[in-house]
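Residue-level structural notes
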2 protein chains.
Amino acid sequence: MEKTSETNATNGELKDVKDAINNGSVCGYDSLHQLLAQNLKPELFQEVSRMLLGLNCGKLLQSISIAEPVKSLSLKHDFDLQAYSFHADKESFRESRIVRVGLIQNSIALPTTAPFSDQKRAIFEKVKPIVDAAGASGVNILCLQEAWMMPFAFCTREKKWCEFAEPLDGESTRFLQDLALRYNMVIISSILERDVSHGDTLWNTAVVIGNHGNIIGKHRKNHIPRVGDFNESTYYMEGNTGHPVFETTYGKIAVNICYGRHHPLNWLAFGLNGAEIVFNPSATVGELSEPMWPIEARNAAIANSYFVGSINRVGTETFPNPFTSGDGKPQHADFGHFYGSSHFSAPDASCTPSLSRFRDGLLISDMDLNLCRQLKDKWGFRMTARYEMYAETLARYLKPDFKPQVISDPLLHKKAT
Amino acid sequence: MEKTSETNATNGELKDVKDAINNGSVCGYDSLHQLLAQNLKPELFQEVSRMLLGLNCGKLLQSISIAEPVKSLSLKHDFDLQAYSFHADKESFRESRIVRVGLIQNSIALPTTAPFSDQKRAIFEKVKPIVDAAGASGVNILCLQEAWMMPFAFCTREKKWCEFAEPLDGESTRFLQDLALRYNMVIISSILERDVSHGDTLWNTAVVIGNHGNIIGKHRKNHIPRVGDFNESTYYMEGNTGHPVFETTYGKIAVNICYGRHHPLNWLAFGLNGAEIVFNPSATVGELSEPMWPIEARNAAIANSYFVGSINRVGTETFPNPFTSGDGKPQHADFGHFYGSSHFSAPDASCTPSLSRFRDGLLISDMDLNLCRQLKDKWGFRMTARYEMYAETLARYLKPDFKPQVISDPLLHKKAT
């Protein structure tokens, strides 16, 4: 047997693939869902949706109609706007607990060469009408992308970007506190945090703002990447806030920041603490992670019986000074294309279509939080999990003299007869 | 806002969806990959493959050509036959460790009303030419589906099916030992095991047979389902063999049997013990799990930096006596459609197309086991995992008086202003 044909692109076509990653120029599409919807016959699209999006018989994802003034905002400010509703059964002893949840993805607003204060102000001005659209749509809980108030400059290893860091109650938080109060909305704001009380240290932090405009608390990113252009460990260390679940007016929520989505134990711990929705504000680029993007979030939702809201920033950010990746690529001045594609995953394995790969966007979903316990009752993952076995396994693994459980074939080195 | 339109099937179309689940009658397709390949323009299919199958620039999945005598076997015995090769980089200090791995999915051969010994013999006869095809193709490691030597009768709750159980070195094992020796092939055989030494107890067990025809060892299913028609806890208990990794002539392998794929900790423990390929022999039906099927396996491969081979049986098995599900559905005599769709997932987030949803099949893949460590070096998931934090979390969680880490909004019960 020898290799003969390739199921996909030849090398000559690789540039086209890269172009597609960056700007969709090859295919002229906005999202995977839209590509499939426009190019498959309806009955085929329906079957593909059943397999890919988990839209199973009797459990249909519904679109929600959007009010005209909100549509106008999305047209005027050119952001993608989609809204869906997940299905859950009615129960006898509990009222439905339907909450409306929103995710915002956005590109930066000014070149990274502009004065920092102008850059930040311009991002505020860009995000404001999208938050207004969420507020006008009655969104109860809203989450922004990772470090939404700055360019994602951690590829540069230049320390000047630390200037963007703010204390927990800094101007980004105050900006959103006003909006949270105005719209009676919980807002999760992921910022670069400066902890003045602990020697001006930096953290990658999510601030949780209550619907009365109060700060409920914070969570600091647990797992820090050291991969490709992601030189984040240059800027901040692993979080020291555990796995808090925030009990808000609208439900129990938690935040798994960016690279933490690659760690099933991180997702698990938020589940053990009772989260009903876990947000994953992220910043990640096509060539590095796009095929993993829908997999990890949906797996977390399934395995832990909660909803997941995944947010990725969008666009390409070019920096003044070129940098190298540490992976042998020539020096370059951008990180690659942040592919957006924000979406929700549900504990019943269904998920929404994703927002655009190329444009700012607001994704809204209604979800009955009762679905979490319904899935726990159906599948019994918690009860069949045998946590005591894994607590023991992990404790053993941590010992320096850990011996893996390996059963070797006694005939390992015998030649074939 | 009120719900207006449905993005997918209306209720009137639900029967069509069910038909599609069971027999593909609506769409006339064999697998998701083939449906997309035949109905999308090549450049769109290429982009969809990049996003869905993780076939990224420069890391292209290649088809392997199949020898004519093997093709003839697949035509004569009517089984799907596909072969691919995963990409890995060359290294300076290690030779490539390319192994050829096979997965077999099959339906049963006789009606479940036939004498049990006839049923078992007929399955042997059906599986034999597929194993021969693997052997003739130079497959090094071959895995069969869960309880391949019997109908998946655990929905019935009738104890007569216990008769199919065999000791570790019973006739199914001996049948495969001959073939393992003949083809110099490691074979993983998932059976219903009877442990005569421990009071005739039953286990759901994978027997690992070495390439010299010897029995290397066994693993017993760690997590037992209690969901829908899956009444397996009626028949056997949680496994007592830990998470063994079997060091074979061709690499370090492990077996995560069926429902264990829903447990990220189970996947993790095989990884901690050093597995390079984890097989997931399964038996699962469309309505229950199909949207989860590609998600969980691929997430495990990504998170643990190893290959995963997923196998599901195929077809609909009808039993003599109707049974109820315990979920309110009327009594029925079958479990639903086992949707096949066996496939491989790689640690770099790529995966192969799946075998047919409807036919027996043999899936072959070449994989360089060096890819596992290459991905560990690239992403650093093990080094950034903070296992000590999670060992502590799990130990705390196990205590009866465990208090979840919850931060409550102090204004939780304040009315909106």
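Residues numbered from 1 in each chain as written. Chains lettered and ligands numbered in written order. Predicted model: local features only at pLDDT ≥ 70, side-chain atom pairs only at ≥ 80, totals over all residues. Heavy atoms only, no water.

**What to know about the state of the cysteines**
In plain terms, the rule: The definition used for a disulfide is geometric: two cysteine sulfur atoms within 2.5 Å.
In total, this model carries 0 disulfides over all chains according to the counting rule given. The thiol sulfur of A:Cys258 is not disulfide-bonded, and the nearest other cysteine sulfur, from A:Cys143, lies at 12 Å. The structure places no disulfide on A:Cys351, whose sulfur is separated from the nearest cysteine sulfur, that of B:Cys351, by 16 Å.

**Some words on empty space enclosed by the protein**
How we decide: In this analysis the probe radius is 1.4 Å and the grid spacing 1 Å, with only protein atoms considered; a cavity is a set of points the probe fits into but cannot get out of, a pocket is an open set with protein on both sides within 12 Å along at least five of seven lines, and lining residues have an atom within 4 Å of a point. Grid points are joined across faces, edges and corners, and a volume is the space filled by probe spheres set on the points. Each helix corresponds to a stretch of at least 4 residues labelled H or I by DSSP, and each strand to a stretch of at least 2 residues labelled E; elements are numbered beginning at the N terminus. Three classes are used, and their members are as follows: Ala, Val, Leu, Ile, Met, Phe, Trp, Tyr, Cys and Pro are nonpolar, Asp, Glu, Lys and Arg are charged, and the others, Gly among them, are polar.
Applying the stated rule across the entire model yields 9 cavities of 30 Å³ or more. Estimates place the volume of the largest cavity at around 820 Å³. If you trace the largest cavity, you find 49 residues lining it, with A:Leu32, A:Leu52, A:Arg298, B:Leu32 and B:Leu52 closest to the centre. Those elements that place two or more of their residues in the lining of the largest cavity are α2 (32-39), α3 (42-52) and α9 (293-304) of chain A together with α2 (32-39), α3 (42-52) and α9 (293-304) of chain B. In this structure, the second largest cavity spans a volume of roughly 350 Å³. Lining the second largest cavity are 28 residues, with A:Pro264, A:Leu265, B:Pro264, B:Leu265 and B:Leu268 positioned closest to its centre. With 5 residues, α9(B) is the single largest residue contributor to the lining of the second largest cavity. Classifying every residue of the lining of the second largest cavity gives 16 nonpolar, 8 polar and 4 charged.

**What about the packing of helix α11 (residues 387-397) of chain A against helix α11 (residues 387-398) of chain B?**
Heads up, the rule is: Working convention: axes come from line fits to C-alpha atoms, limited for helices to the stretch in contact. Angles between N-to-C directions cover 0 to 180 degrees. Definitions for this section: a left-handed crossing has its near helix turned counterclockwise from the far helix by less than a right angle. A right-handed crossing has that turn clockwise. Residues are treated as being in contact if the distance between any of their heavy atoms lies within 4.5 Å.
Direction vectors running N to C along α11(A) and α11(B) enclose 145 degrees, while the axes themselves pass 9 Å from each other. When you trace α11(A) past α11(B), the crossing you get is left-handed. Within the contact between the two elements, α11(A) uses A:Tyr387, A:Glu388, A:Tyr390, A:Ala391, A:Leu394, A:Ala395 and A:Tyr397 and α11(B) uses B:Tyr387, B:Tyr390, B:Ala391, B:Leu394, B:Ala395, B:Tyr397 and B:Leu398. Within the contact of α11(A) with α11(B), the residues separate by chemical class into 13 nonpolar, no polar and 1 charged.

**Considering the sheet that holds strand β15 (residues 343-345) of chain A**
Where we set the bar: Between any two strands, at least two bridges found by DSSP are needed for them to pair.
Here we have 6 strands laid out as an open sheet, ordered β15(A)-β12(A)-β11(A)-β10(A)-β9(A)-β17(B), and mixed in their pairing. With partners counted over all chains shown, the strands left at the sheet margins are β15 of chain A together with β17 (406-408) of chain B, one partner each. Averaged over all pairs of adjacent strands, the angle between strand axes in this sheet comes to 25 degrees, irrespective of strand direction. Looking at chain direction, strand β9 (residues 245-248) of chain A and β17(B) are connected through 3 bridges and run parallel. Following the sheet pairing, A:Phe246 is matched in β17(B) by B:Ile407. α9(A) contacts β11 (277-282), β12 (307-312) and β15 of chain A of the sheet and is inclined by roughly 155 degrees relative to β12(A).

**Overview of the packing of aromatic side chains**
All names here are of chain B. Test applied: Classification of ring pairs rests on two measures: the distance between centres of Phe, Tyr or Trp rings, Trp counted by its six-membered ring, which must be within 6.5 Å, and the angle between planes, read as stacked under 30 degrees, edge-to-face over 60 and tilted in between. Categorising residues by exposure relies on relative accessible area from a 1.4 Å probe, with only protein chains included: less than 20% of the type maximum marks a residue as buried, more than 50% marks it as exposed, and the intermediate range marks it as partly exposed.
Counted according to the given criterion, the structure contains 49 aromatic pairs over all chains. For the pair Trp-161 and Phe-319, a centre-to-centre distance of 5.4 Å together with 80 degrees between the ring planes defines the contact as edge-to-face. Taken together, the residues span a long stretch of sequence, with Trp-161 in the loop between β5 (141-143) and α6 (171-183) and Phe-319 in strand β13 (residues 314-323) at a distance of 158 residues. Trp-161 sits in the buried class, given a relative accessible area of 0%.

**Focus: the pattern of salt bridges**
As a working rule, side chains carrying opposite charge can pair if their charged atoms are close by. Which entries qualify depends on this criterion: Each reported salt bridge corresponds to a side-chain nitrogen of Lys or Arg within 4 Å of a carboxyl oxygen of Asp or Glu.
As enumerated under the stated definition, the model contains 46 salt bridges over all chains in all. Linking A:Glu290 and A:Arg357 is a salt bridge whose minimum nitrogen-to-oxygen distance equals 2.7 Å. Here the residue A:Glu290 occupies a position in the loop between α8 (286-289) and α9, and A:Arg357 occupies one in the loop between β15 and β16 (361-368), the gap between them amounting to 67 residues. Residue A:Glu290 shares its accessibility class with A:Arg357, and that shared class is buried. If you follow the salt bridges from partner to partner, you end up with A:Glu47, A:Arg50, B:Glu290 and B:Arg357 in one network.

**Focus on the interface of chain B and chain A**
Defined as follows: What counts as buried area is the accessible surface, traced by a 1.4 Å probe, that two parts surrender upon association, with contributions from both included. The term polar contact refers here to a pair of N or O atoms within 3.5 Å; inside protein, the definition further demands a hydrogen-donor-capable atom paired with an acceptor-capable atom, and it admits residues adjacent in sequence only when both atoms are side-chain atoms.
Contacts between chain B and chain A engage 131 residues on the former and 130 residues on the latter. For the pair chain B and chain A, the summed buried area comes to about 12100 Å², and 65% of that belongs to carbon and sulfur atoms. Across the chain B-chain A interface, the total number found is 2 salt bridges. In this structure, A:Arg50 and B:Glu290 form a salt bridge, with 3.1 Å as the shortest nitrogen-oxygen distance. One can count 44 residue pairs in polar contact (both at pLDDT 80 or more) joining chain B with chain A. Within the side of chain B that touches chain A, the residues separate by chemical class into 65 nonpolar, 42 polar and 24 charged.

**Comments concerning the relation of the copies chain B and chain A**
The condition is simple: For this overlay, a least-squares fit was computed on C-alpha atoms, restricted to residues scoring pLDDT of at least 70 in both copies.
Overlay of chain B on chain A (RMSD 0.0 Å): rotation 180 degrees, translation along the axis 0.0 Å. The superposition of one copy onto the other is thereby described by a two-fold rotation axis.

**Some points on α2(B)**
To be explicit about the condition: Think of it as the arc spanned by the lines of direction from the helix axis to the C-beta atoms.
Within α2(B), burial applies to B:His33, B:Leu35 and B:Leu36. All buried residues of α2(B) project into a common sector of 165 degrees when viewed along the axis, lining one side. For α2(B), the elements touching its buried residues are α2 and α3 of chain A together with α3 of chain B.

**Re the pairing of strand β6 (residues 186-195) of chain B**
All names here are of chain B. Here is the rule: Handedness of a crossover is defined as follows: orient the strands so they point away from the viewer, and if the path from the first strand over the helix to the second runs clockwise, the crossover is right-handed.
Across the 10 residues that make up β6, a large majority, 9, are buried. Pairing between β5 and β6: 3 bridges, direction parallel. Residue pairing across strands places Cys-143 opposite Ile-188, the latter belonging to β6. The handedness of the β5 to β6 crossover, carried by α6, is right-handed. Bridge count between β6 and strand β7 (residues 201-209): 9 bridges; the pairing is antiparallel. Of the residues in β7, the one forming a bridge with Asp-195 is Thr-201. Joining the antiparallel neighbours β6 and β7 is a turn of 5 residues, in which Gly-199 adopts a positive phi near 65 degrees.

**Considering the environment of B:Glu163**
Structurally, the position occupied by B:Glu163 is in the loop between β5 and α6. C-alpha separation for the pair B:Glu163 and B:Asp195, spaced 32 residues apart in sequence, amounts to 13 Å.

**A short note on helix α10 (residues 370-379) of chain B**
All of the buried residues along α10(B) are B:Asn370, B:Leu371, B:Cys372, B:Gln374, B:Leu375 and B:Trp379. Summarising the contacts, the buried residues of α10(B) are in contact with α8 of chain A together with β12 (307-312) and β16 (361-368) of chain B.

**Examining the sheet that holds strand β11 (residues 277-282) of chain B**
Taken together, the 6 strands give an open sheet; going across it, the order is β17(A)-β9(B)-β10(B)-β11(B)-β12(B)-β15(B), and neighbouring strands pair in mixed fashion. In the strand order of this sheet, the two ends are held by β17 (406-408) of chain A together with β15 (343-345) of chain B, each with one partner. Put simply, the sheet's adjacent strands are angled 25 degrees from each other on average, direction ignored. Pairing geometry for strand β9 (residues 245-248) of chain B and strand β10 (residues 251-255) of chain B, over 3 bridges, is antiparallel. Opposite B:Glu247, over in β10(B), you have B:Lys252 as the bridge partner. The sheet strands contacting helix α7 (residues 264-272) of chain B are β9, β10, β11 and β12 of chain B, and the helix crosses β11(B) at an angle near 145 degrees.

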